[in-house]
Amino acid sequence: MNETKNTSLTQIESQRAIQEVQAAMVIAKKFPRDPILAVDRIINACTRKTLAEGALYSYPRGGMEVTGPTIRLAEAIAQEWGNLQFGIRELEQNDKESTVEAFAWDLEKNTRQVKTFTVPHVRYTKTNGLTKLTDPRDIYEQIANQGARRLRACILGVIPGDIVEAAQKQCEVTLAANVEITPETIKNLSDAFNNEFQVTIEQLQERLQCKLEALRPAQYLQLKKIYVSLRDGMSKISDWFVVVDSQNNSVKQLNEEIV
């Protein structure tokens, strides 16, 4: 009886989801986006300091430092672009892992990007190693963290590249116009590196080849992008800083020298 009831509920839910998607596509066709207005909204959103501060990250590639849009910027672009559905949903879960789907769907053009992946119910830390997750909230957070990069890739796969580039440039302009180098902002940034990634002031200064008190605006913005990159898991500490091996006190040089 219960199995029959569950099957019936699943079918009803499936039909409801199909009807919702069909209705959304009809509305999108009836009220298409104005690309010019949509781009204006995106650029205007990128003039907000709060968005710009978390909009860009840096990562090493081919001996160069490349800047890219974070998931926060990708979501802001998608929201202002309009007629776009995107998100992360759990397809299946067992005691060990979850099967998850990240997607972005342009309802107007019927262009869709989907990435399906597996998230093990474990968390790794330097102090405790691998820890099995049993709390539903911990599992949810793990899925959200693992899904962010896939969702970002899906959104950027359906948004025209020139629009993403324009948004990045505006965020750069916003950051440059609002950069504030004070002893307090320098301390806040160095504390964030130390507290979250155990990156010391000495490592920061080695990276920049200058004292933190002598930071220039461009260097400060560079560190902010590196911080965002580490926070979002787009790069690792050894990509940017000299790392000391605590077991033999030897120094591991950067995996790749950044120009």
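What counts and how
- Residues numbered from 1 in each chain as written.
- Predicted model: local features only at pLDDT ≥ 70, side-chain atom pairs only at ≥ 80, totals over all residues.
- Heavy atoms only, no water.
- Helix = DSSP H or I, 4+ residues; strand = E, 2+ residues; numbered from the N terminus.
- Buried < 20%, exposed > 50% of the residue type's maximum accessible area, 1.4 Å probe, protein only.
- Contact = heavy atoms within 4.5 Å.
- Areas by Shrake-Rupley, 256 points an atom, 1.4 Å probe, with all protein chains shown as cover.
- Pairing = 2+ DSSP bridges.
- Axes fitted to C-alpha atoms, helices over the stretch in contact; angles between N-to-C directions.
- Phe/Tyr/Trp six-rings, centres within 6.5 Å; stacked < 30°, edge-to-face > 60°.
- Core = buried A, V, L, I, M, F, W, Y, C linked by side-chain atoms within 4.5 Å.
- pLDDT = per-residue confidence, 0-100.
- Salt bridge = Lys/Arg side-chain N within 4 Å of Asp/Glu carboxyl O.

Draft legend 1. The arrangement of the overall build of the protein in detail. When helices and strands are counted, the protein shows nine helices and nine strands. Counting only residues that meet the buried cut, the protein has 38% of its 259 residues in that class. When contacts within the protein are restricted to residue pairs at least 6 apart in sequence, long-range pairs at least 24 apart make up 57% of them. In the structure as shown, the protein presents an accessible area of about 15,700 Å², 51% of it carried by carbon and sulfur atoms.

Draft legend 2. Inspection of the sheet that holds strand S4 (residues 97–106) at higher detail. Reading across the sheet, the three strands line up as S3-S4-S5 and stay open at both edges, with antiparallel pairing between neighbours. Both outer strands of the open sheet, strand S3 (84–93) and strand S5 (111–120), are each paired with one neighbouring strand and no more. Across this sheet, the average inter-strand angle for adjacent strands is 15°, counted without regard to direction. Judged from the 10 bridges that link them, S4 and S5 form a sheet pairing that is antiparallel. Looking at the pairing, Asp106 lines up with Thr111 of S5.

Draft legend 3. Structural view of the packing of aromatic side chains. What the rule picks out here adds up to five aromatic pairs. For the pair Phe193 and Phe241, a centre-to-centre distance of 5.9 Å together with 80° between the ring planes defines the contact as edge-to-face. Highlighted residues: Phe193 in helix H7 (residues 183–197) and Phe241 in the loop between helix H9 (217–231) and strand S8 (243–244), separated in sequence by 48 residues. Considered together, Phe193 and Phe241 belong to a single accessibility category, that of buried residues.

Draft legend 4. Region of interest: the nonpolar core. The biggest cluster of nonpolar side chains holds 56 residues, and the ones touching the most others in it are Leu73, Ile159, Phe193 and Phe241. Those residues in contact with Ile159, other than ones at most four positions away along the chain, are Ile77, Trp81, Leu84 and Val164.

Draft legend 5. Quick look at the confidence of the model for the protein. The share of residues in the protein with pLDDT of 70 or more is 88%, and the mean pLDDT across the chain is 87. For the protein, strand S9 (residues 251–252) is the element with the lowest average pLDDT, namely 42, and helix H2 (residues 35–45) is the one with the highest, namely 97. When the criterion is pLDDT under 50, residues 246–259 qualifies, and its contacts beyond four places in sequence or with other chains add up to 34 contacts.

Draft legend 6. Expanded view of the pattern of salt bridges. Tallied over the entire structure, the rule returns 13 salt bridges. Between Arg137 and Glu141 there is a salt bridge, with the nearest N and O atoms lying 3.5 Å from each other. Note that Arg137 and Glu141 are positioned in helix H5 (residues 136–158) at a spacing of four residues, about one turn of the helix. We classify Arg137 as exposed; its relative accessible area is 61%. Two residues, Arg231 and Asp232, come together in a salt bridge whose shortest N-O distance is 3.2 Å. By relative accessible area, which is 18% here, Asp232 ends up buried.

Draft legend 7. A look at the side chain of Lys225. Note on placement: Lys225 falls in helix H9. Note on Lys225: relative accessible area 12%, which makes it buried.

Draft legend 8. The arrangement of unusual backbone geometry in detail. The backbone of Asn83 sits at a positive phi, close to 50°, despite the residue not being glycine. Following the sequence through the fold, Asn83 ends up in the loop between helix H4 (71–81) and S3. Of note in this structure, Asn110 is not a glycine but carries a positive phi near 55°. Along the chain, Asn110 turns up in the loop between S4 and S5.

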